[in-house]
Amino acid sequence: LDEIGERTNSYILVHQNFMCRMSCHFWMREYMDVAKLSENYSENHPYSQQKRMLNVFRTFHEGIAYLSLARDTKQSKWRSMGEKAVAKMSQLVLMSKWNFENKSKLLQAELHYVEEHLESAEAAYKASIKSANDHKFIHEEALAYELFGMFCVENRWVDKGTKQLHIALEKYKEWGATKKANDLQLFIDLV
């Protein structure tokens, strides 16, 4: 599709294909792939920085990916990029609390986790879950439960984490994300 988009100067096709691939990597927790894909896309398509609604999702997906990579690799570049995503999403909340609050809270939770402010992280995860539920974003509620569950497991609160992961699993099933639910079940079975 990229080739067709490039050949026909269909920037919309190229952008949609990029967003689709980024989303697939994001939901499967392939965060390094998200980062590489995003970097490559930005280098090859500088026009992509135009303001588009889909860039909100790009900011959100990149932010979660960058902050996870910051935690896993301890590289400051990922933290810096994640902080920029947190700042962008915080600005978007001012325009629409309904659409962006849960995303902002989840990014804040991940940043608190990177900073090892565990109590603040837990409060932000819970606030993201509540906001996603209140605003009927079931997929983002599932994601918040999943990331909160992993946070708990990684901090040796296994029972609490497993509970959150099971809730995430049910939310993903309710959303219809069978592949995601199956992959999460495999992770839960390892805990």
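Residues numbered from 1 in each chain as written. Predicted model: local features only at pLDDT ≥ 70, side-chain atom pairs only at ≥ 80, totals over all residues. Heavy atoms only, no water.

Trainee: Just checking my understanding: could you explain the nonpolar core for this structure?
Mentor: One broad rule of soluble globular proteins: the nonpolar side chains tend to lie buried together. If you look at the biggest cluster of nonpolar residues, it comprises 52 residues, and the most contacted ones within it are Tyr-125 and Tyr-172. Examining the composition of this core, we find that ten residues originate from one element, helix 8 (residues 138-154), more than from any other. Filtering out sequence-adjacent residues up to four positions away, Tyr-172 remains in contact with Trp-27, His-139, Ala-142, Leu-143, Glu-146, Ala-177, Lys-180, Ala-181 and Leu-184. (Core = buried A, V, L, I, M, F, W, Y, C linked by side-chain atoms within 4.5 Å. Buried < 20%, exposed > 50% of the residue type's maximum accessible area, 1.4 Å probe, protein only. Helix = DSSP H or I, 4+ residues; strand = E, 2+ residues; numbered from the N terminus. Contact = heavy atoms within 4.5 Å.)

Trainee: Help me understand the packing of aromatic side chains in this model?
Mentor: Two numbers describe a pair of aromatic rings. These are the distance of the centres and the angle of the planes. In total, this model carries 13 aromatic pairs according to the counting rule given. Summarising the aromatic geometry, the rings of Tyr-125 and Phe-148 are spaced 5.5 Å apart at their centres and angled 25° between planes, so their arrangement reads as stacked. Residue Tyr-125 is found in helix 7 (residues 118-134), and its partner Phe-148 is found in helix 8; the two are separated by 23 residues along the sequence. Overall, the relative accessible area of 0% leaves Tyr-125 in the buried class. Geometrically, the ring pair formed by Phe-151 and Trp-157 is edge-to-face, given 5.5 Å between the ring centres and 70° between the ring planes. Within the aromatic cluster, the residues linked to one another by ring pairs are Phe-26, Trp-27, Tyr-31, Phe-60, Tyr-172 and Trp-175. The ring of Trp-78 has Lys-77 sitting right over it, with the charged end atom 4.4 Å from the ring centre. (Phe/Tyr/Trp six-rings, centres within 6.5 Å; stacked < 30°, edge-to-face > 60°. Lys NZ or Arg CZ within 6 Å of the ring centre and 35° of its normal.)

Trainee: Looking at this model, I keep getting lost on unusual backbone geometry. Mind explaining?
Mentor: Only a minority of non-glycine residues have a phi that is not negative, and only a minority of peptide bonds are not trans. The phi dihedral of Lys-74 is positive, around 65°, even though this residue is not glycine. Residue placement: Lys-74 occurs in the loop between helix 4 (54-73) and helix 5 (76-95). Exposure remark for Lys-74: the relative accessible area of 66% places this residue in the exposed category. Despite not being glycine, Glu-116 has its phi angle at roughly 65°, a positive value. Mapped onto the elements, Glu-116 comes out in the loop between helix 6 (97-114) and helix 7.

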